[in-house]
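# Observations on the model geometry
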Amino acid sequence: MTTAYAFVPSPGHTYPDHPESPKRFDLLQPVFERCGATRLETPSATREEISWVHRTGMIASLERACWRGDAIIDSAPTFVTRTSFQDALRAAGAVLACTRAVLTGAAENAFAVVRPPGHHAEPDRSMGFCLFNNVAIAAREALRSGLKRVAVVDYDAHHGNGTQAAFLGEDRVAYLSTHQWGIYPGTGWIDEARDAKKRIVNVPLPAGSGDQAYAQIADEIIEPFITEFAPALILVSAGFDAHWMDPITTLGLSTAGFHTLSRKLVDLAKVACEGKIVFVLEGGYDPMNMANGVEAVFAALAGKSFEAAAEEIPRPEPDISQRLHDIKAWHRYGR
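Attention in this report is confined to the structure presented alongside it. Bear in mind the structure is a predicted one, so any value in this text is a computation, not a measurement. (Residues numbered from 1 in each chain as written. Predicted model: local features only at pLDDT ≥ 70, side-chain atom pairs only at ≥ 80, totals over all residues. Heavy atoms only, no water.)

## Overview of the overall build of the protein
This is how it is decided: The numbering of helices and of strands both runs from the N terminus, where a helix is a DSSP run of H or I of at least 4 residues and a strand a run of E of at least 2. The quantity called the radius of gyration is restricted to C-alpha atoms. Its globule counterpart is 2.2 Å times the number of residues to the power 0.38. Exposure categories follow from relative accessible area, calculated using a 1.4 Å probe and restricted to protein chains: below 20% of the type maximum is buried, above 50% is exposed, and the middle band is partly exposed. We call two residues in contact when some of their heavy atoms are within 4.5 Å. Per-residue and other accessible areas were derived by the Shrake-Rupley procedure at a 1.4 Å probe size, with only the shown protein chains allowed to occlude residues. We count Lys and Arg on the positive side and Asp and Glu on the negative side, and we leave His and both chain ends out. By convention, the charge on Lys lies at NZ, on Arg at CZ, on Asp at CG and on Glu at CD.
A tally of regular secondary structure across the protein gives 10 helices and 10 strands. For 335 residues, the compact-globule estimate of 2.2 N^0.38 gives 20 Å, and the C-alpha radius of gyration of the protein, at 18 Å, lies within 12% of that figure. Each of the three principal axes of the protein carries a C-alpha extent, and together these read 50 × 40 × 40 Å. Expressed as a percentage of its 335 residues, the buried residues of the protein come to 59%. A separation threshold of at least 6 residues defines the contact pool for the protein, and within that pool the share at least 24 residues apart is 78%. As displayed, the protein offers around 13,100 Å² of accessible surface, 50% of which is attributable to carbon and sulfur atoms. Mean positive and mean negative side-chain charge positions of the protein (32 and 40 charges, respectively) differ by 6 Å.

Here's what the structure looks like:
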């Protein structure tokens, strides 16, 4: 059994001075050469597959916007180019290919390293640098294949409002997001999904939350979330913008912290769903942090030790104990 990966760099999907740039991937090739994973062929997703999550009118509107050429389509700002529609189909198709490889047993686990990202894209609109919601489409594929329950864990620094919206009324999919509170898109408070307790779990964090905070979250929130929902597959929206050096956020994870968190998710998958787990790239806007984070995930998937370079984080971590107490009380964990 192997780790599989897919890579969709989308070089034509670029806009001047925009942080969601092909440059994010500049340092990845040596990581792929070292990781020992098997690269998958990645056909584009079809419009029908995209429509499992997105409304047909939204798909058509995005295609028209891309056909017209370079443009900003929302205030995030989200951009499109003439290649963006096909790039988004390829990104979604790569995530589907990774998911299918794991579901069929062709791979033990997988990592889709793709852009454009997806977790902000809602059923009726693209937003937040995201065109199609790649991880949500993969979750729909898993359900269509016969799985009874799928869990999505999102550790991007931003709340995945699109994934939450896609599954707010879907009892077969659970969603947990850790994210910095008070930044884009402004959603993801503890009590936001009142009718989906224990299934939609938001962990809004103060700036500076880092390795210690995420270790607490993994043990006190993520573990009961997975254990009680008992998914047959775990999908991970992996955003490396939670790193303390990311240029557009102010969380505090180190590269070693990403490995610890990712390894915890891999271990939970082994207990809950025979190791079936697929990581899907979301944000992360510093090329070095991106390369280090991707390598940390590959090490976690392979069960290998990982030695990250020492990082001297310049700001102290806040105490999140009260926040975790409030989250556990809201979802009645430990009762």
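From this point on, the discussion continues.
## Some remarks on the packing of helix α7 (residues 211-229) against helix α8 (residues 255-273)
Stated precisely, the cut-off is as follows: Orientation is described by axes fitted as lines to C-alpha atoms, over the contacting stretch for helices, and by angles from 0 to 180 degrees between their N-to-C directions. Throughout, the term roughly parallel applies to angles under 35 degrees, roughly antiparallel to angles over 145, roughly perpendicular to angles from 65 to 115, and oblique to all others. Handedness of each helix crossing follows the sense of rotation of the near helix against the far helix: counterclockwise by less than a right angle gives left-handed, clockwise gives right-handed.
At their nearest, the axes of α7 and α8 sit 10 Å apart, and the two run at 15 degrees to each other. Considering their axes alone, α7 and α8 lie roughly parallel with respect to each other. As α7 packs across α8, the resulting crossing turns out to be right-handed. Residues D211, Y214, A218, D219, I222, E223 and I226 of α7 form the contact with α8, whose own contacting residues are G257, L261, K264, L265, L268 and A272.

## Some points on the state of the cysteines
A disulfide bridge is the covalent bond that connects two cysteines by way of their sulfur atoms. Quick reminder of the rule: The disulfide criterion is simple: two cysteine sulfur atoms within 2.5 Å.
With the rule as written, the count across this model stands at 0 disulfides. In this model C273 remains outside any disulfide bridge; the closest cysteine sulfur is found in C98, 16 Å from its own. Overall, the relative accessible area of 4% leaves C273 in the buried class.

## So, the nonpolar core
Let me state the cut-off plainly: The definition of a nonpolar core used throughout is a set of buried Ala, Val, Leu, Ile, Met, Phe, Trp, Tyr and Cys residues joined through side-chain atoms within 4.5 Å.
Among the nonpolar cores identified, the biggest contains 58 residues, and F111, Y155, F240 and F279 are the most heavily contacted of them. Among the elements that make up this core, the one with the highest residue count is α7 (9 residues). Sequence-distant contacts of F279, defined by excluding residues within four places in its chain, comprise A110, F111, A112, Y155, V236, A238, S262, L265, V266, V297 and L301. Core analysis: the next-biggest nonpolar cluster, separate from the first, contains 51 residues, A91, A107, V173 and I200 among them.

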